[in-house]
Amino acid sequence: MSLSFCMIVRNEEQNLAQCLQSVKGVVDEMVVLDTGSTDRTTEIAKEWGAQVYYFDWCDDFAVARNFALKYVTGEWILVLDADERLVSSIVPQIKQAITQEDCLVINLVRQEIGASQSPYSLISRLFRNHPKIQFNRPYHALIDDSVNQLLKQEGRWKIGSLADVAILHEGYQADAIARRNKQQIAKQAMQSYLAEQPSDPYVASKLGALYVDMGEIAKGLQLLTKGLKQLNLYSKYEEAEADDSLFYELHYHLGIAHRKKQNLAEAKHYYEIAIKANILPQLKLGAYNNLGNLLKDTGHLLEAKAAYEMTLQIDPNFVQGYYNLGMTLRAMGDYAEAIAAYQKAIQLDPNYAEAYQNLGVALLSAGKVLSGLEALKTAVALHQKSDPTEAERLRQTLQQMGFNL
């Protein structure tokens, strides 16, 4: 089976080479559609052997992605953005998956680098080159609607998925979002689409979550609640099962919104429902972690401990899970286990200032003064790089305790 790579780009000279390097030698062709770059993006694409085409940007990602698909010749298509890269270990699984004659789409797990809330998502980025598969929605463009129509029209197809991480994504890190004004662009695009399609639960979920993230919590709550009702109505009247991923996202973000409004019982309710969603376990990390935070902050330490332990059972490399487990164990007075949890978090992320800081406190509480001061010294140094105000606050607190670092 031939596999084509397809992407749209604009001013991506910082990311593009790494992305193309990850698929070079894996795919049979690389198609890059430029939407108006003014930097070296197109030159870099050509240097890596990509076929470069051009498109006048129209504020609609779906239109651009569909235009790019016109140039693809392979039997299967892999779509990435410039700030994503393919994980090399997944390649044999991809090669095997696309040999299945009845498979239309292979869903892939994407990991958000640096994310502390929901580090994994399942996305439809590997699919058969079928003329009826098209992207829609101007932002967060997806093929899902066209795929669902195909499944109804041509019953022989099935949807597959690979459970291992296939794509690494760096675009949702705070500095990247701020640098590229991603939130405002997304907000404007989704508001315009929602005005035309007011009954779309997917956009309600995405835009509602964005409102909450931007501090417009009341608007977010209203839209997320509406989206959940729309999803339930669709399932009822279309005699179809609710989209499991969308079911999870709506409940998960409703949990976040209610937590920010201090509606703790409602937040707990929505997190617990989200956890019951029929999706891959790693996609539920955010709900388990947030539920653990809520339980810890309300004094339910044993239940919080169980929630964090579940995150680590799902993903043994979940840094935030070890840190939160350490915080809970310390609150329970189990300093030895708390120290071990902090140390594991630091092993996975050597620049985790808060983990060093709380490790230092736990060591001091356990009577290990020299080790504790050494950890706190490292915490001050790390804070100095990213948050000098916090570094000074910590330094002054230690001085008041009689320690001079």
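Since the structure is predicted, the reported quantities are computational estimates derived from the model, not experimental observations.

Trainee: I'd like to hear about the sheet that holds strand β7 (residues 120-128), residue by residue, with values.
Mentor: Strand order in the open sheet formed by eight strands is β3-β2-β1-β4-β7-β6-β8-β5, and the pairing between neighbours is mixed. In the strand order of this sheet, the two ends are held by β3 (51-54) and β5 (84-86), each with one partner. Looking at each pair of strands side by side, their axes are set apart by 35 degrees on average, direction ignored. As paired elements, strand β1 (residues 3-9) and strand β4 (residues 76-79) share four bridges and run parallel to each other. Looking at β4, one finds that Leu-3 is bridged to Trp-76. Running over the sheet, helix α5 (residues 144-153) touches β6 (103-112), β7 and β8 (158-169) and is turned about 150 degrees from β6.

Trainee: I'd love a proper account of empty space enclosed by the protein, names of residues and values included.
Mentor: On inspection of all chains with the given rule, the structure shows two cavities of 30 Å³ or more. Looking at the largest cavity, its volume works out to about 60 Å³. Of all the secondary-structure elements, those providing two or more residues to the lining of the largest cavity are α1 (16-23) and β5. When grouped by side-chain class, the residues that make up the lining of the largest cavity number two nonpolar, two polar and four charged. Here the second largest cavity defines a volume of roughly 30 Å³. As for the second largest cavity, its lining consists of Cys-6, Met-7, Ile-8, Arg-65, Ala-68, Val-79 and Phe-135. When contributions to the lining of the second largest cavity are tallied by element, the ones reaching two or more residues are β1 and α3 (61-69). Considering every element that reaches the lining of the second largest cavity, the biggest residue donor is β1, with three residues.

Trainee: Run through the layout of surface pockets, naming residues and quoting values.
Mentor: Its volume calculated, the second largest pocket comes out at about 310 Å³. For the lining of the second largest pocket, the elements supplying multiple residues, two or more each, are β6 and α14 (319-331). Its residues placed into classes, the lining of the second largest pocket shows seven nonpolar, five polar and three charged.

Trainee: Give me the lowdown on unusual backbone geometry, citing residues and values where you can.
Mentor: Most peptide bonds are trans, and most residues other than glycine sit at a negative phi. At Asp-59, a residue that is not glycine, the phi angle is positive and equals roughly 60 degrees. Its place among the elements puts Asp-59 in the loop between β3 and α3. Look at Asp-59 and you get exposed, because its relative accessible area is 60%. At Gln-262, a residue that is not glycine, the phi angle is positive and equals roughly 65 degrees. Looking at the secondary structure, you find Gln-262 in the loop between α10 (244-260) and α11 (264-275).

Trainee: Outline the confidence of the model for the protein, supporting the account with residue identities and numerical values.
Mentor: Put simply, the protein has an average pLDDT of 92, and 95% of its residues get 70 or more. The low-confidence segment residues 237-241, where pLDDT is below 50, has five contacts with residues more than four positions distant or belonging to other chains.

Trainee: Lay out the environment of Leu-364 with the relevant residues and their values.
Mentor: With respect to the helices and strands, the residue Leu-364 is situated in helix α16 (residues 353-365). Along the chain, Leu-364 and Leu-80 lie 284 residues apart, while their C-alpha atoms are 48 Å from each other. In contact with Leu-364, other than residues within four places in its own chain, are Val-369, Gly-372, Leu-373, Leu-376 and Phe-403.

Trainee: Outline the packing of helix α12 (residues 285-297) against α14, supporting the account with residue identities and numerical values.
Mentor: Describing two packed helices takes the angle between their axes plus the distance from one axis to the other. Remark: α12 packs on α14, axes separated minimally by 11 Å, with the N-to-C direction vectors making an angle of 15 degrees. One finds that α12 runs roughly parallel with respect to α14. Once α12 is placed against α14, the crossing between them reads as left-handed. Between α12, through Asn-289, Asn-293 and Lys-296, and α14, the contact on the second element is made entirely by Gln-320, Asn-324, Met-327 and Thr-328.

Trainee: Lay out the pairing of β3 with the relevant residues and their values.
Mentor: Across four bridges, strand β2 (residues 29-34) lies against β3 in parallel orientation. Bridging across to β3, Leu-33 finds its partner in Tyr-53.

Trainee: Give me the environment of Gln-343: which residues, what numbers.
Mentor: By the element assignment, Gln-343 lies in helix α15 (residues 335-348). Gln-343 sits 327 residues away from Leu-16 along the chain, and the two C-alpha atoms are 35 Å apart.

Trainee: Residue-level account of the state of the cysteines, with values.
Mentor: Such a bond, covalent and formed between the sulfur atoms of two cysteines, is termed a disulfide. Overall, the coordinates contain zero disulfides when judged by the stated rule. Free cysteine Cys-58: the closest other cysteine sulfur is in Cys-6, separated by 15 Å.

Trainee: Hey, could you go over the packing of α10 against α11 for me, with residue numbers and the actual values?
Mentor: At a minimum axis distance of 8 Å, the contact between α10 and α11 shows a crossing angle of 160 degrees. In terms of axis orientation, α10 runs roughly antiparallel to α11. Handedness of the crossing formed by α10 with α11: left-handed. In this structure, α10 contributes Phe-247, Tyr-248, His-251, Tyr-252, Leu-254, Gly-255, Ile-256, His-258 and Arg-259 to the contact, and α11 contributes Leu-264, Glu-266, Ala-267, Tyr-270, Tyr-271, Ile-273 and Ala-274. Of the residues assigned to the contact of α10 with α11, the class counts are 11 nonpolar, three polar and two charged.

Trainee: A description of the pairing of β7 should follow, citing residues and the corresponding values.
Mentor: Taken across its nine residues, β7 has eight buried, putting it largely inside the fold. In terms of strand pairing, β4 meets β7 through three bridges, oriented antiparallel. Bridge assignment links Ile-77 to a residue of β7, and that residue is Phe-127. Here six bridges tie β6 to β7, and the two strands are oriented antiparallel to one another. The partner of Leu-108 across the bridge, within β7, is Ile-123.

Definitions and cut-offs
- Residues numbered from 1 in each chain as written.
- Predicted model: local features only at pLDDT ≥ 70, side-chain atom pairs only at ≥ 80, totals over all residues.
- Heavy atoms only, no water.
- Pairing = 2+ DSSP bridges.
- Helix = DSSP H or I, 4+ residues; strand = E, 2+ residues; numbered from the N terminus.
- Axes fitted to C-alpha atoms, helices over the stretch in contact; angles between N-to-C directions.
- Contact = heavy atoms within 4.5 Å.
- 1 Å grid on protein atoms, 1.4 Å probe; cavity = no way out; pocket = protein on both sides within 12 Å on 5 of 7 lines; lining within 4 Å.
- Points joined across faces, edges and corners; volume = space filled by probe spheres on them.
- Nonpolar A, V, L, I, M, F, W, Y, C, P; charged D, E, K, R; others polar.
- Buried < 20%, exposed > 50% of the residue type's maximum accessible area, 1.4 Å probe, protein only.
- pLDDT = per-residue confidence, 0-100.
- Parallel < 35°, antiparallel > 145°, perpendicular 65-115°, else oblique.
- Left-handed = near helix turned anticlockwise from the far one by under 90°.
- Disulfide = S-S within 2.5 Å.

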